[in-house]
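As a plain string of letters, each chain reads:
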Amino acid sequence: MPRRVRRRTGRRRGALVRYVVAATLVRSADGGAVVAIVLLAHAVGMPGWVAGLLGASITAPHLLGPFIARHLDTARDGRAVIAVSAVLHGVLLGAAALLMPVTWALWPAVLLLISGMFGPMLTGGISSRLPSIAGPDQHAQRRAQSWDVATYGFSGTLGPAAVAGIAAASHPLTATLVLAVASVVGAAAVLALPRQAPPDPAVDVPTPLRTLEGIWRYGPLRRTLGLTVTVAFSVAALPIHAVAVAPPSGGASAAGLLVAGYGVGNLLGSAGLMLRPLRGDADRLMTLLSVLVAVTLSLVVVGPNLPVSLLAFGLAGIANALFFAATLAARSEYAPRAARGQVFVWVGALKIAAGSAGTATAGAITGSAGWAPLVLAAVLTLLAAGISALGRARSLPHRSG
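**Student:** Tell me about the nonpolar core, and name the residues and values.
**Tutor:** One finds L54 and I126 to be the most contacted residues of the largest nonpolar core, which totals 48 residues. Going through the elements one at a time, α1 (3–43), α2 (48–59), α4 (78–99), α5 (106–117), α6 (119–127), α7 (130–134), α8 (138–169) and α9 (172–191) are the ones with two or more residues in this core. In contact with I126, not counting residues within four places along its chain, are Y19, A22, A23, V26, R27, I82, M121 and V190.

Given below as structure tokens:
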């Protein structure tokens, strides 16, 4: 291998390592925030419904994230946009935590609402930087996306776990402030990433609503959004199902074990992708892997005992990791360069909203039958996969033409 190529490869590997550190820090702060705020609200004596509203104050504003994401596509240095978002997220989260013990819940809620607007910049926003770090080679991009999937898994586990551990050893306020500091430190790590080429001033960067319209009009991106939202809605039923079926097997400890099995499966799927990245057309991969998600959800429903259910939860985690990697590949490969940041943030924000809706729906219908939420989830996912396959089949003659 020529020295120049080795040097370039080494730089990209170093940049990917810095990316993993930065993404894990900011996403851990974002992923653990709800748990920290709810624990802190209970610790200072607020009613349960107030604690729930404060937690929702962080997640609900994610839908507003795309309306600030245009700065990612217009700024001369997109790193600064993400770094400022991480700092504001951390500072506002810390300020809300400090106010909660000494003031009405309204004022912390306002700060949390503003903080939550920057959440999508720490998820989809930072993912939009990955193609320039990995380089133009598709194999290298797919491998880098596998690491990105792993950072979501790490942060989704590390953030809440760190909050629970610190809260138990000290106080929920301490845990919340640690998350705030992690977000600020993550901002510094973001600035250490390679700088992307500035946008071409002659290229018209669409507004957020025009970007959403463009996603809907372009078949591969429309299928990316539709499948991402459906699968997010579906897998959100897994924790509710775990709680519903756990009492005969050991109650809360069994439910926690099942949810942990899903998380371990997600990490195993990410590790497998690092060794062997996905190959082939991202549009086709998403459809096939969404079917795999539906199959694993069905296996969870029919699990006759705790060990089999634990295995099924792990397989569902693996399937979701593979599917998520395919959606990241689709966003990278199908998004127009002038609106790449907005496409990533739109899909990420709507995914979070769909996950919240899935949790609420599963909670509402699980009382009638513990298996109902996952049956609904599997059917919806298979239906979305069928619609996607049909749309893709119709588009193939146009592509060949």
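From this point on, the discussion continues.
**Student:** Requested: an account of the pattern of salt bridges, with residues and values cited.
**Tutor:** Inspection of every chain in the model, using the stated rule, returns 7 salt bridges. Across the pair D148 and R27 runs a salt bridge whose closest N-O atoms are separated by 2.7 Å. With D148 in helix α8 and R27 in helix α1, this pair connects stretches of sequence that are 121 residues apart. Look at R27 and you get buried, because its relative accessible area is 3%. The salt bridge involving D204 is made with R210; its shortest N-O contact spans 3.1 Å. Looking at R210, the relative accessible area reads 43%, which means it is partly exposed.

**Student:** Which residues make up helix α14 (residues 282–302), and what are the values?
**Tutor:** Here α14 contains 21 residues, and its C-alpha end-to-end distance of 30 Å stays within 8% of the 30 Å for a straight helix at 1.5 Å per residue. Looking at α14, one finds that the buried residues are A282, D283, L285, M286, T287, L289, S290, V293, A294, T296, L297 and V300.

**Student:** Please set out the packing of aromatic side chains residue by residue, giving values where relevant.
**Tutor:** All told, the structure shown has 2 aromatic pairs when counted by the stated rule. Relative to W346, the ring of F67 lies with its centre 5.7 Å away and its plane at 70 degrees, an arrangement referred to as edge-to-face. Of this pair, F67 sits in the loop between α2 and α3 (70–74) while W346 is found in helix α16 (residues 340–365), placing the two residues 279 residues apart along the sequence. With relative accessibility at 43%, the residue F67 sits in the partly exposed group. A cation sits over an aromatic face here: R27 above Y152, 3.9 Å from the ring centre. The lysine or arginine in question, K351, covers the ring of Y152, its NZ or CZ lying 6.0 Å from the ring centre.

Scoring rules and cut-offs
- Residues numbered from 1 in each chain as written.
- Predicted model: local features only at pLDDT ≥ 70, side-chain atom pairs only at ≥ 80, totals over all residues.
- Heavy atoms only, no water.
- Core = buried A, V, L, I, M, F, W, Y, C linked by side-chain atoms within 4.5 Å.
- Buried < 20%, exposed > 50% of the residue type's maximum accessible area, 1.4 Å probe, protein only.
- Helix = DSSP H or I, 4+ residues; strand = E, 2+ residues; numbered from the N terminus.
- Contact = heavy atoms within 4.5 Å.
- Salt bridge = Lys/Arg side-chain N within 4 Å of Asp/Glu carboxyl O.
- Expected span 1.5 Å × (residues − 1).
- Phe/Tyr/Trp six-rings, centres within 6.5 Å; stacked < 30°, edge-to-face > 60°.
- Lys NZ or Arg CZ within 6 Å of the ring centre and 35° of its normal.

By themselves, these figures tell us nothing about what the structure is for.
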